[in-house]
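Residue-level listing of the chains:
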Amino acid sequence: MDQGKILVTEDEESLRFVLKKALENEGYWVQTTANGNTARQLLTETHFDVSLMDIKLPDADGLALLKEIKEAGIDTAMILMTAQNTMRNAIGAMKNGAFDYITKPFDLDEVLVLVKRAIDSRKLSRDFRELKEEVKNVLSPASISSVRAPTCKRSTRPSGRWSILTPRF
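Residues numbered from 1 in each chain as written. Predicted model: local features only at pLDDT ≥ 70, side-chain atom pairs only at ≥ 80, totals over all residues. Heavy atoms only, no water.

*Asks:* Quick one: what's the story with a nonpolar patch on the surface, residue by residue and with numbers?
*Replies:* A cluster of nonpolar side chains, Leu-131, Val-135, Val-138 and Leu-139, forms an exposed patch at the surface whose accessible area comes to about 360 Å². Note that Leu-131 resides in helix 5 (residues 108–138). (Patch = residues over 30% accessible without salt bridge, like charges linked within 9 Å, V, L, I, M, F, W, Y side chains within 5 Å. Areas by Shrake-Rupley, 256 points an atom, 1.4 Å probe, with all protein chains shown as cover. Salt bridge = Lys/Arg side-chain N within 4 Å of Asp/Glu carboxyl O. Helix = DSSP H or I, 4+ residues; strand = E, 2+ residues; numbered from the N terminus.)

*Asks:* Residues and numbers for the nonpolar core, please.
*Replies:* Ile-6, Leu-23, Leu-52, Ile-79 and Val-115 are the most contacted members of the largest nonpolar core, which totals 21 residues. Elements supplying a minimum of two residues to this core: strand 1 (5–9), helix 1 (13–25), strand 3 (50–54), strand 4 (77–82) and helix 5. No other element matches the six residues that helix 5 contributes to this core. Excluding its chain neighbours within four sequence positions, the residues that come into contact with Val-115 are Ile-6, Leu-23, Tyr-28, Val-50, Leu-52 and Ile-79. Counting residues in hydrophobic clusters, the runner-up holds 19 residues, among them Leu-42, Leu-43, Ile-69 and Ile-74. (Core = buried A, V, L, I, M, F, W, Y, C linked by side-chain atoms within 4.5 Å. Buried < 20%, exposed > 50% of the residue type's maximum accessible area, 1.4 Å probe, protein only. Contact = heavy atoms within 4.5 Å.)

*Asks:* Which residues make up the packing of helix 1 against helix 5, and what are the values?
*Replies:* A pair of packed helices is characterised by two quantities: the angle between their axes and the separation of those axes. Where helix 1 contacts helix 5, the axes come no closer than 11 Å and their chain directions differ by 55°. In terms of their interaxial angle, helix 1 and helix 5 are classed as oblique. Helix 1 and helix 5 meet at a crossing whose hand is right-handed. For the pair helix 1 and helix 5, contact is made by Val-18, Leu-19, Ala-22 and Leu-23 and by Leu-108, Val-111, Leu-112 and Val-115, respectively. The residue makeup of the contact of helix 1 with helix 5, split by class, is eight nonpolar, no polar and no charged. (Axes fitted to C-alpha atoms, helices over the stretch in contact; angles between N-to-C directions. Parallel < 35°, antiparallel > 145°, perpendicular 65-115°, else oblique. Left-handed = near helix turned anticlockwise from the far one by under 90°. Nonpolar A, V, L, I, M, F, W, Y, C, P; charged D, E, K, R; others polar.)

*Asks:* Which residues make up the packing of helix 2 (residues 36–45) against helix 3 (residues 62–71), and what values go with them?
*Replies:* Where helix 2 contacts helix 3, the axes come no closer than 11 Å and their chain directions differ by 15°. With respect to each other, helix 2 and helix 3 are oriented roughly parallel. Helix 3 is crossed by helix 2, and the crossing has right-handed handedness. Side by side, helix 2 and helix 3 meet where Gly-36, Ala-39, Arg-40 and Leu-43 of the first sit next to Leu-65, Glu-68 and Ile-69 of the second. Here the contact of helix 2 with helix 3 is composed, by residue class, of four nonpolar, one polar and two charged.

*Asks:* Requested: an account of the side chain of Thr-9, with residues and values cited.
*Replies:* Mapped onto the elements, Thr-9 comes out in strand 1. Classification of Thr-9 by relative accessible area gives buried; the value is 0%. Apart from the residues within four sequence positions on either side, Thr-9 is in contact with Thr-33, Asn-35, Ala-39, Leu-52, Met-53, Asp-54, Leu-57 and Met-81.

*Asks:* I'd like to hear about helix 1, residue by residue, with values.
*Replies:* Counted at 1.5 Å a residue, the expected span for helix 1 with its 13 residues is 18 Å, and the 18 Å between its end C-alpha atoms agrees. Buried within helix 1 are the following residues: Leu-15, Arg-16, Leu-19, Ala-22 and Leu-23. One side of helix 1 holds all its buried residues, which, seen down the axis, span an arc of 140°. Those residues of helix 1 that are exposed and aimed more than 90 degrees away from the buried face are Glu-13, Ser-14, Phe-17 and Asn-25. Against strand 1, strand 2 (29–33), strand 3, strand 4 and helix 5 lie the buried residues of helix 1. Backbone geometry just after helix 1 places Gly-27 at a positive phi near 100°. (Expected span 1.5 Å × (residues − 1). Arc of directions from axis to C-beta.)

*Asks:* I'd like a rundown of the pairing of strand 3, residues and numbers included.
*Replies:* Extensive coverage of strand 3 is indicated by the burial of five of its five residues. Residues Val-50, Leu-52 and Asp-54 point to one face of strand 3 and Ser-51 and Met-53 to the other, with burial holding for every one of them. Both strand 1 and strand 3 contribute to a ladder of four bridges, which runs parallel. The partner of Thr-9 across the bridge, within strand 3, is Met-53. For the segment spanning strand 3, helix 3 and strand 4, crossover handedness is right-handed. (Pairing = 2+ DSSP bridges. Right-handed = clockwise from strand over helix to strand, strands pointing away.)

Okay, here's the thing in structure tokens:
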């Protein structure tokens, strides 16, 4: 079963291979690339749920590419990877809209949990947007005007106190 579509952008071939195999073993559909220009093109043309992208690519700066992707309105959870664990990189990644940031070397299980969390988060966001739209459609003026609101009847208890208002149709 296809758990989601993942793009891995990593210039190190061995790491690309390991990530691809691990993600495919979890049921994800995975596409890989070694450079930023191809990643930009793939993200623009194909819907991916998650993108794992190295910050240092031979032809692009991952932080600049992240910012470009987010400004273009591409709805993909971006997880940035780097061997340089600096606060500047982490802040830049999160400020530009990354879902998360991970440093190399990393535990493969940690990456798998992070990808699953990104997929789950996207699903919840998508479900919320759909539910919000559904409620908006149900509560639109056109749909409300066709519904007849119930009227209420007041009644008193033998003690003389008001009881709960009961709807009358």
